[in-house]
Amino acid sequence: MLNIGPYRFQSRLLLGTGKYPSLDIQSRAVQESGTEVLTFALQRLDLDQPTEESFLNRLDLKRYRLLPNTAGARSADEAVRLARLARASGLCDMVKVEVIGDEKRLLPDPIATLEATRRLVEEEFIVLPYTGDDPVLAQRLQEVGAHAIMPGASPIGSGQGIINSLYLSFIIQDASVPVIVDAGIGAPSDAALAMELGADGVLLNSAVAHAGDPVAMARGMRLAVEAGRLAHLAGRIAKKETAMASSPTEGFVNQ
Ligand SMILES: CC(=O)[C@@H](O)[C@H](O)COP(=O)(O)O
């Protein structure tokens, strides 16, 4: 069970909703993924025209918890404003803080992210900041009350998978809130590795939305997250430098 603030989830896969080839494919991929949490950029929604065709009209929203994100924000002020807008529109009190500080690489601004997180926690939001893979910043975010930490595996949309598994492990080891690896996941093997390292969940979008068959990839990601979690709980074997026969070599009758 994944616990984020007051919310409980069976699925550990959180899914983005941008850039699918069609709304029909998106809604089938969402179902196939088994996700219970859907994230979307608040800036993409026209809150004044809720009847406009959007994924929100296609899905049975009782089955999902919405996680609006502040993508597009370039300062703590903008992120806080977007989060307030989401709450005022009755969307959800859970928010993914995303403040970009490097436009070219879409990397998060650590200082603005920390500031926005602190202010939104004070305003009693359930706050999930998207951050780099810096273990010290992850600690600071927890100190100001973040309900989960979402370190990037690699730049958003890059599909490069986990660049720094060591730092990610440090964040996971020290965390007292859920760690959800967010952004840069390219293939199910990346998602499985994040879970094997001990992450509590994975958030991804591009790897499914841009796949040749998004619906099949959504299923692949679901299975990978489940497999990685099982492997983490089961405990993998240690890596050895030398070979070791996997069949017993003693005690046979012909010896
Ligand atoms: C949808 C969303 O929140 C993205 O900003 C997120 O970070 C996913 O990144 P990928 O598209 O790389 O999976």
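In this text the structure is predicted, and so the values were computed from the model without any measurement. (Residues numbered from 1 in each chain as written. Predicted model: local features only at pLDDT ≥ 70, side-chain atom pairs only at ≥ 80, totals over all residues. Heavy atoms only, no water.)

Q: Just checking my understanding: could you explain the overall build of the chain for this structure?
A: Within the chain, the regular secondary structure consists of 9 helices and 12 strands. Against the globule reference of 18 Å for 255 residues, the chain gives a C-alpha radius of gyration of 20 Å, in line with a compact fold. Each principal axis of the C-alpha atoms in the chain carries an extent, and together these give about 80 × 40 × 35 Å. Expressed as a percentage of the 255 residues in the chain, the buried residues total 45%. (Helix = DSSP H or I, 4+ residues; strand = E, 2+ residues; numbered from the N terminus. Rg over C-alpha atoms; globule rule 2.2 N^0.38 Å. Buried < 20%, exposed > 50% of the residue type's maximum accessible area, 1.4 Å probe, protein only.)

Q: Teacher, can you tell me more about the site of the ligand here?
A: In the vicinity of the ligand lie 14 residues, with Lys96, Gly157, Asp182, Asn205 and Ser206 positioned nearest. Contact distances for the ligand include 2.9 Å between an oxygen atom and a backbone N or O atom of Asn205. Protein burial of the ligand: of its 360 Å² of free accessible surface, 92% is covered by the chains. In the shell around the ligand, the residues fall into 4 nonpolar, 7 polar and 3 charged. (Near = heavy atom within 4 Å. Polar contact = N/O pair within 3.5 Å; in protein donor to acceptor, adjacent residues only side chain to side chain. Areas by Shrake-Rupley, 256 points an atom, 1.4 Å probe, with all protein chains shown as cover. Nonpolar A, V, L, I, M, F, W, Y, C, P; charged D, E, K, R; others polar.)

Q: Looking at this structure, how should I read the packing of aromatic side chains?
A: Any two aromatic rings considered together are summarised by their centre-to-centre distance and by the angle between their planes. Throughout the structure, instances matching the rule amount to 1 aromatic pair. Sitting above the plane of the Tyr130 ring, Lys96 keeps its charged end 5.1 Å from the centroid. (Phe/Tyr/Trp six-rings, centres within 6.5 Å; stacked < 30°, edge-to-face > 60°. Lys NZ or Arg CZ within 6 Å of the ring centre and 35° of its normal.)

Q: Would you mind going over the UniProt feature "binding site: 1-deoxy-D-xylulose 5-phosphate" (unreviewed entry) in the chain with me for this structure?
A: In the UniProt entry, the feature "binding site: 1-deoxy-D-xylulose 5-phosphate" (unreviewed entry) is given for Gly157, Ala183, Gly184, Asn205 and Ser206. Across 50 residues of sequence, these annotated residues stay compact in space, with a maximum C-alpha separation of 8.9 Å. The exposure class of Gly157 is partly exposed, given its relative accessible area of 49%. In this structure Gly157 touches Gly184 and Ser206, once residues within four positions along its chain are discounted. Position of Ser206 among the secondary structure elements: in helix α8 (residues 206-209). Contacts of Ser206, omitting those with residues within four sequence positions, involve Gly157 and Ala211. (UniProt positions renumbered as here; feature names shortened; annotations may be inferred. Contact = heavy atoms within 4.5 Å.)

Q: Is there a simple way to think about the nonpolar core in this case?
A: In globular proteins that are soluble, nonpolar side chains generally tend to be buried together. One finds Leu38, Leu120, Ile185, Val202, Leu204, Val208 and Met221 to be the most contacted residues of the largest nonpolar core, which totals 56 residues. Excluding anything up to four places from it in sequence, Met221 contacts Leu13, Ile185, Gly186, Ala187, Pro188, Ala191, Leu204, Ala207 and Val208. One finds Leu2, Val37, Leu67 and Leu203 within the second-largest nonpolar core, a separate group that totals 15 residues. (Core = buried A, V, L, I, M, F, W, Y, C linked by side-chain atoms within 4.5 Å.)

Q: What's the story with the packing of helix α4 (residues 110-122) against helix α5 (residues 135-143) in this structure? I'm lost.
A: Packed helices, taken two at a time, are described by the angle their axes make and the gap between the axes. At a minimum axis separation of 9 Å, α4 and α5 run at an interaxial angle of 20°. One finds that α4 runs roughly parallel with respect to α5. Two packed elements cross with a definite hand, and for α4 against α5 that hand is right-handed. Listed contacts from α5 to Pro110, Thr113, Leu114 and Thr117 of α4 are Leu137, Arg140 and Leu141. Partitioned by chemical class, the residues of the contact of α4 with α5 number 4 nonpolar, 2 polar and 1 charged. (Axes fitted to C-alpha atoms, helices over the stretch in contact; angles between N-to-C directions. Parallel < 35°, antiparallel > 145°, perpendicular 65-115°, else oblique. Left-handed = near helix turned anticlockwise from the far one by under 90°.)

Q: Please clarify how the environment of Ala138 should be interpreted in this entry.
A: Assignment of secondary structure puts Ala138 in helix α5. Expressed as a C-alpha distance, the spacing of Ala138 and Leu66, which sit 72 residues apart in the sequence, is 23 Å.

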